[in-house]
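Here are the chains, one letter per residue:
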Amino acid sequence: MKILIELPTWLGDAVMATPAIENLANFFKDVKITLIGSDVAVEALTNHPKVTKTYVLDKSYINLYKTIKSFGEFDMFLSFRGSFRSKFIKLCISSKRKYQFDKNFFIKGHQVEKYNNFVNDSLSINVIASKLILHTEKKNKDGKNKLLGINPGASYGSAKRWYPKEFADVASDLSSQYDIVIFGGSGEKDIAADIEKYLIENGVDNYQNLAAKTTIKELISQIANLDLFITGDSGPMHLAAAFQIPTVAIFGPTNDKETSQWKNKKSIIIKKNLECQPCLKRTCPLKHHNCMKQVEGSDVLLAVSDLIKP
């Protein structure tokens, strides 16, 4: 059974699709999966034991068409995306069975459930979504101390981001118990640098700044080894959920009922429940950003104490 899967574009969405992919892989006995999608999504899921090939697709429609036509025949094609580009891919793919996720049809529930229901409907089955699964080896820690990861960024937009000084102050308060690791993508180097500056001002030196310095596989390995994670609603937050890392997740404009950590028993969500939440906007439409401004360091430290208490 040869199956072609187009992954969601964003890292977090790709991780939230893993229960659906496990559902699919478990349904067929002899299955060979080819993954296509963004570089971050493909790299995150490339180690799945049923994955035999991966492709990061070119943005040019001409090159995209040539690549697709070189694939040959598949028994099934499933796309977790609903864009025009994905519809073009679906049209060009050679397969008797083709299915495409439609966000206007799968409306209710957590995003994990939406993706899993899409696979259920495609296969005419009814399997409950499992935990998030990333197939990677957990490496031994280099140091002896406990590790606190802080992730200030969020690729979707600035509205999802808490503030560098707040992250730094919380990390400083915890620095006697944890070594600190700052995470971030290429677009979050400035935020990470600000946190580093505040840590230095607070006299903290047991930290490392890994913003824009890791591949996705390295990021997964680093997060898998954490003892505590403080983050906004982001891709790395879902990586932490896959490894059941104790996590404090700060939510502002997004809907925690749809994108919170899936089945992580060691997760606490911080949000202020304002009338304007969730607005689902990239930047604050009301210009005050109170959903993040009103979150205080004491809120996060209280959540941490609840997480780590015996």
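See the structure above.
Just so you know, these numbers come straight off a predicted model, no measurement behind them.

Caption draft 1: Region of the structure containing the overall build of the protein chain. Summing up its helical and strand segments, the protein chain has 13 helices and eleven strands in all. Whereas a compact globule of 310 residues would reach a radius of gyration of roughly 19 Å, the protein chain reaches 20 Å, a difference of no more than 12%. Taken along its principal axes, the extent of the C-alpha atoms in the protein chain is 60 × 45 × 40 Å. For the protein chain, the residues scored as buried account for 50% of the 310 residues in total. The protein chain carries 42 positive and 33 negative side-chain charges, and their two centres are separated by 8 Å.

Caption draft 2: Inspection of the pairing of strand 1 (residues 2–6) at higher detail. Of all five residues that make up strand 1, four are buried, and the element is covered over most of its length. One ladder, built from five bridges, connects strand 1 with strand 2 (residues 32–37); its direction is parallel. The residue bridging lysine 2 from the neighbouring strand is lysine 32, located in strand 2. Direction of pairing for strand 1 relative to strand 4 (residues 73–79): parallel, over a ladder of four bridges. Paired with isoleucine 5 across the strands is leucine 78, a residue of strand 4.

Caption draft 3: Main features of the pattern of salt bridges. This model, assessed by the stated rule, comprises eight salt bridges. Across the salt bridge formed by aspartate 169 and lysine 165, the nearest N and O atoms sit 2.9 Å from each other. In this pair, aspartate 169 and lysine 165 are both assigned in helix 7 (residues 164–174), four residues apart and thus about one turn of the helix distant. The exposure class of aspartate 169 is partly exposed, given its relative accessible area of 25%. Among the residues examined, lysine 165 registers a relative accessible area of 42% and is labelled partly exposed. Between aspartate 256 and lysine 271 there is a salt bridge, with its nearest N and O atoms 2.6 Å apart. Highlighted residues: aspartate 256 in helix 11 (residues 256–259) and lysine 271 in the loop between strand 11 (267–270) and helix 12 (290–293), separated in sequence by 15 residues. Residue classification places lysine 271 among the partly exposed positions, given a relative accessible area of 27%.

Caption draft 4: Layout of the packing of helix 4 (residues 61–69) against helix 5 (residues 84–92). With their axes 10 Å apart at the nearest point, helix 4 and helix 5 run at an angle of 35 degrees to one another. Crossing angle aside, the handedness with which helix 4 passes helix 5 is right-handed. Counted together, Tyr61, Leu64, Tyr65, Ile68 and Lys69 of helix 4 and Phe84, Arg85, Phe88, Ile89 and Cys92 of helix 5 form the full contact between these two elements.

Caption draft 5: Spatial organisation of the sheet that holds strand 11. Taking strand neighbours across the sheet as the criterion, the six strands line up as 8-7-6-9-10-11 in an open arrangement whose pairing is parallel. At either end of the open sheet lies a strand with only one pairing partner, and these are strand 8 (207–209) and strand 11. When strand polarity is set aside, the average angle formed by the axes of neighbouring strands in this sheet is 15 degrees. In this structure, strand 6 (residues 146–151) lies alongside strand 7 (residues 178–182), joined through five bridges in parallel fashion. Looking at the pairing, leucine 148 lines up with isoleucine 180 of strand 7.

Caption draft 6: Expanded view of the packing of helix 7 against helix 8 (residues 189–201). At a closest axis distance of 8 Å, the pairing of helix 7 and helix 8 adopts a crossing angle of 45 degrees. Comparing the axis directions of helix 7 and helix 8 gives the class oblique. The two elements helix 7 and helix 8 cross, and the hand of that crossing is right-handed. Across the interface between the two elements, Pro164, Lys165, Phe167, Ala168, Ala171 and Ser172 of helix 7 pack against Ile191, Asp194, Ile195, Tyr198 and Leu199 of helix 8. Tallied by class, the residues present in the contact of helix 7 with helix 8 amount to eight nonpolar, one polar and two charged.

Caption draft 7: Representation of the pairing of strand 2. For strand 2, the buried fraction is high: five of the six residues fall into the buried class. On the question of chirality, the crossover connecting strand 2 to the parallel strand 3 (residues 51–56) by way of helix 3 (residues 39–45) is right-handed.

Caption draft 8: Structural view of the state of the cysteines. By the definition in use, this model includes zero disulfides. No disulfide involves cysteine 276; its sulfur sits 6.3 Å from the nearest other cysteine sulfur, which is in cysteine 291. Classification of cysteine 276 as partly exposed rests on a relative accessible area of 30%.

Caption draft 9: Inspection of the side chain of asparagine 120 at higher detail. Examined against the element boundaries, asparagine 120 turns out to sit in helix 6 (residues 111–123). Given a relative accessible area of 3%, asparagine 120 falls into the buried group. In this structure the side chain of asparagine 120 is engaged in a polar contact, spanning 3.0 Å, whose partner is the backbone oxygen of valine 127. Those residues within four positions of asparagine 120 in sequence are excluded, and the remaining contacts are Asn23, Ile125, Asn126 and Val127.

Conventions used here
Residue numbers restart at each chain and count upward from 1, following the sequence in its written direction. Only residues with pLDDT of 70 or above have their local features reported here, since the model is predicted, and side-chain atom pairs are shown and tallied only from 80 upward, although totals for entire chains, interfaces and linings are computed over all residues. Water and hydrogen atoms were dropped before computing side-chain values, which therefore reflect all heavy atoms in the structure. Strands are runs of DSSP state E lasting at least 2 residues, helices are runs of H or I lasting at least 4, and numbering of each runs from the N terminus. Atoms counted for the radius of gyration: C-alpha only. Globule rule: 2.2 Å times residue count to the power 0.38. Think of it in three bands: with a 1.4 Å probe and only protein chains considered, a residue is buried below 20% of the maximum accessible area for its type, exposed above 50%, and partly exposed in between. The charge count treats Lys and Arg as positive and Asp and Glu as negative. His and the chain ends do not count. The location of each charge is read from NZ of Lys, CZ of Arg, CG of Asp or CD of Glu. For two strands to count as paired, DSSP must find a minimum of two bridges between them. Throughout this description, the term salt bridge denotes a Lys or Arg side-chain nitrogen within 4 Å of a carboxyl oxygen of Asp or Glu. Fitting a line to C-alpha atoms yields each axis, with helices limited to the stretch in contact; the angle taken between N-to-C directions then spans 0 to 180 degrees. The crossing is said to be left-handed when, going from far helix to near helix, the turn is anticlockwise and less than a right angle, and right-handed when the turn is clockwise. Residue contacts follow a heavy-atom distance rule, with two residues in contact if any of their heavy atoms lie within 4.5 Å. Roughly parallel here means an angle under 35 degrees, roughly antiparallel means over 145, roughly perpendicular means 65 to 115, and every remaining angle is called oblique. Ten residues, namely Ala, Val, Leu, Ile, Met, Phe, Trp, Tyr, Cys and Pro, are considered nonpolar, four, namely Asp, Glu, Lys and Arg, are considered charged, and the remaining ones, Gly among them, are considered polar. With its strands directed away from the observer, a crossover is right-handed exactly when the path from the first strand over the helix to the second travels clockwise. Sulfur atoms of two cysteines make up a disulfide when they are within 2.5 Å. Nitrogen and oxygen atoms within 3.5 Å of one another constitute a polar contact, given that in protein one can donate a hydrogen and the other can accept it, and given that sequence-neighbouring residues count only through two side-chain atoms.

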